[in-house]
Amino acid sequence: MQFHISPSKCHVMEEKIRRKFNKACVDYHLLEDGDRILLALSGGKDSLELCRLMARRARIFKPSIRVEAAHVVMAGIPYETSLPYLERFCQDLGVRLHVLHGHLDGHTDARKTRCFLCSWHRRKLLFSFAAEKGFNKVAFGHHQDDILTTWLMNLTFEGSASSMRPIMQMEHYPLQLIRPLCLVEEAWIAEVARELGFERQKVPCPYEEATRRSDINGIFHQLEALNPEARYSLWRAMEKCISADKQPICIHK
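Residues numbered from 1 in each chain as written. Predicted model: local features only at pLDDT ≥ 70, side-chain atom pairs only at ≥ 80, totals over all residues. Heavy atoms only, no water.

Caption draft 1: Spotlight on helix 7 (residues 212-226). Along its 15 residues, helix 7 runs 21 Å from first to last C-alpha, staying within 8% of the 21 Å computed at 1.5 Å per residue. Those residues of helix 7 that sit buried are I216, F220 and E224. End-on view of helix 7: buried residues confined to an arc of 95°, all on one side of the axis. Facing away from the buried side of helix 7 by over 90 degrees, the exposed positions are D215, Q222, A225 and L226. (Helix = DSSP H or I, 4+ residues; strand = E, 2+ residues; numbered from the N terminus. Expected span 1.5 Å × (residues − 1). Buried < 20%, exposed > 50% of the residue type's maximum accessible area, 1.4 Å probe, protein only. Arc of directions from axis to C-beta.)

This is how it looks when you write it as structure tokens:
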């Protein structure tokens, strides 16, 4: 499975993503010499594209980094990604893939949604594995749309100006969490994924659209329709709020 990008619109989009990826790594000091980074590979388009970018970055001499990937299989959730596809994908990139197994009983806490509980348990598995195996950073494929939508959700439903940060120190693990796609628009990744033929997840998460996130995401795109510069204005405002907030972020944020 080799990815060859022809000199086309896809190539232009890939270069835009690469530039924003590099800018985020520099501006937010995401990569340091000697880093061992575990990439959370869900099998969605965002984590697949991040895997390609990180694998390419690992071949650069300085800073010298090592990148491996982990995919969590959660029993009890009707959600499935093709493991053979992920294994071939990572093998072609020279990235070692770890498959972690967990189980979710969605009825253990009636106060939380199954979506929240699944996400929390997946992350706990990832962080525990990363700490045990000596990684110092965990990379997630959250893009700019994800981060801004989270900020709008917290403003609307919690009265809090918090969001997912480009980099943060974990409170209960000796790890930093990084988001190298934080400056990349989701539409750019979607276009590259279509052109390169990323394989779709075999069974999408059934709870993905049944959350407030999808509603707020729709509002975010309405704001963009009103003002094409809305995302950049929101990003600047969010950065000011986050830089002033010194409170630790819990793992479910």
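Following the structure, the description resumes.
Caption draft 2: Structural detail: the pattern of salt bridges. Evaluation of the coordinates by the stated rule reveals 15 salt bridges. Between E14 and R52 there is a salt bridge, with the nearest N and O atoms lying 3.0 Å from each other. Placement of E14 in helix 1 (residues 9-27) and of R52 in helix 2 (residues 45-57) is noted, with a sequence separation of 38 residues between them. Overall, E14 belongs to the buried group, its relative accessible area being 3%. Given the relative accessible area of 9%, R52 is considered buried. K45 is the salt-bridge partner of E186, the closest N and O atoms lying 3.0 Å from each other. Of this pair, E186 sits in helix 6 (residues 186-196) while K45 sits in helix 2, placing them 141 residues apart in sequence. Taking the relative accessible area as the measure of exposure, E186 reaches 24% and is therefore partly exposed. Linked by salt bridges that have partners in common, E14, E49, R52 and R56 make up one network. (Salt bridge = Lys/Arg side-chain N within 4 Å of Asp/Glu carboxyl O.)

Caption draft 3: Layout of the nonpolar core. Membership of the largest hydrophobic core comes to 52 residues, with the highest contact counts inside it found for L31, I37, L41, C51, M54 and W235. Residues M74, F129, A130 and F140 belong to the second largest nonpolar core, which totals 18 residues. (Core = buried A, V, L, I, M, F, W, Y, C linked by side-chain atoms within 4.5 Å.)

Caption draft 4: Quick peek at the sheet that holds strand 5 (residues 167-169). One open sheet holds the six strands; their spatial order is 3-2-1-4-6-5, and the pairing between them is mixed. At either end of the open sheet lies a strand with only one pairing partner, and these are strand 3 (96-103) and strand 5. Between one strand axis and the next, the sheet turns by 25° as a mean value, whatever way the strands run. Two elements, strand 5 and strand 6 (residues 176-178), share three bridges in a ladder whose sense is antiparallel. Residue pairing in the sheet places M168 in a bridge with L177 of strand 6. Relative to strand 1 (residues 36-40), helix 2 is tilted by about 155°, and along the sheet it contacts strand 1, strand 2 (66-75) and strand 4 (137-139). (Pairing = 2+ DSSP bridges. Axes fitted to C-alpha atoms, helices over the stretch in contact; angles between N-to-C directions. Contact = heavy atoms within 4.5 Å.)

Caption draft 5: Quick look at the pairing of strand 1. Of all the five residues making up strand 1, five are buried; the element is thus mostly covered by neighbouring parts of the structure. On strand 1, burial covers both faces: R36, L38 and A40 on one face and I37 and L39 on the other are all buried. Where strand 1 and strand 2 come together, five bridges link them in parallel fashion. Bridged to I37 within strand 2 is V67.

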